[in-house]
Amino acid sequence: AQSVTQLDSHVSVSEGTPVLLRCNYSSSYSPSLFWYVQHPNKGLQLLLKYTSAATLVKGINGFEAEFKKSETSFHLTKPSAHMSDAAEYFCVASKANAGGTSYGKLTFGQGTILTVHP
Amino acid sequence: EPEVTQTPSHQVTQMGQEVILRCVPISNHLYFYWYRQILGQKVEFLVSFYNNEISEKSEIFDDQFSVERPDGSNFTLKIRSTKLEDSAMYFCASNNDENSYEQYFGPGTRLTVT
């Protein structure tokens, strides 16, 4: 079984300050992990992905995430928040078999709403 | 940039009525998915579809649900007899490779059952 836990339902930061959105996972096998973002009235957009290559993953819009197997974590960070970063963020795991191949079904965390204050 | 579209954006229906939620996946994609998010809960996988048949479904996807690709562009989710607990945001997604890590999501249809 696979599960994803986002530790904060809401995070509020000031523009220009760092962002940290926390995610822990549980999986029988090495998962593939993703962060998706959803802006109001838009579809979910892929920010970045970890697929057993480099543990530090860089994504779009200055976001990055580090896969830490010992901590079963995949936290999302950004050095300096921008007003346009305000959105809901989802940590997501893919179903993976013992061979490490990813299948289509995605398992979502509960989402973190990021608010950015001027 | 191609995107997944969903209609309607909001559907209100009475309990026991049938609803059809429509999705137009990206044109060269072959794998299609439905997810739902009940208010305050996680996004949950419902079903995946490939080559005109269901490849995987969750325990949520019971006999009241069905999916169809009626033509070359649409992908639909039908709920035969809606229940109050079917009220949720329904997301359609697609990709062109089951092992592709990125699924492209539509903006969702909010279904309200009264």
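Use the structure listed above.
My aim in this report is to walk through the structure given alongside it, one point at a time. Remember, predicted model here, so these are calculated numbers, not experimental data.

Turning to the pattern of salt bridges, a few remarks are in order. All names here are of chain A. In the structure shown here, the tally under the stated rule is four salt bridges over all chains. The salt bridge partner of D8 is R22, with a shortest N-O separation of 3.0 Å. Placement of the pair is D8 in the loop between strand 1 (3–6) and strand 2 (10–14) and R22 in the loop between strand 3 (19–21) and strand 4 (23–26), with a sequence separation of 14 residues. Residue D8 is classed as buried on the basis of its relative accessible area, which comes to 19%. Close ionic contact of K58 with E64 constitutes a salt bridge, the shortest N to O distance being 2.8 Å.

You'll often see interface size given as the accessible area lost when the parts meet. Every contact between the two is made by 23 residues of chain A and, on the other side, 16 residues of chain B. Buried surface at the junction of chain A and chain B, both sides included, amounts to about 1800 Å², of which 57% is carbon and sulfur. Three residues, L44(A), K105(A) and F108(A), lead the burial of chain A against chain B; their summed loss comes to 27% of the area buried on that side. Connecting chain A to chain B are zero salt bridges. Considering each element in turn, the side of chain A that touches chain B owes the most residues, six residues, to strand 11 (residues 102–108) of chain A.

The rules behind these values
- Residues numbered from 1 in each chain as written.
- Chains lettered and ligands numbered in written order.
- Predicted model: local features only at pLDDT ≥ 70, side-chain atom pairs only at ≥ 80, totals over all residues.
- Heavy atoms only, no water.
- Salt bridge = Lys/Arg side-chain N within 4 Å of Asp/Glu carboxyl O.
- Helix = DSSP H or I, 4+ residues; strand = E, 2+ residues; numbered from the N terminus.
- Buried < 20%, exposed > 50% of the residue type's maximum accessible area, 1.4 Å probe, protein only.
- Contact = heavy atoms within 4.5 Å.
- Buried area = accessible area lost by both parts, 1.4 Å probe.

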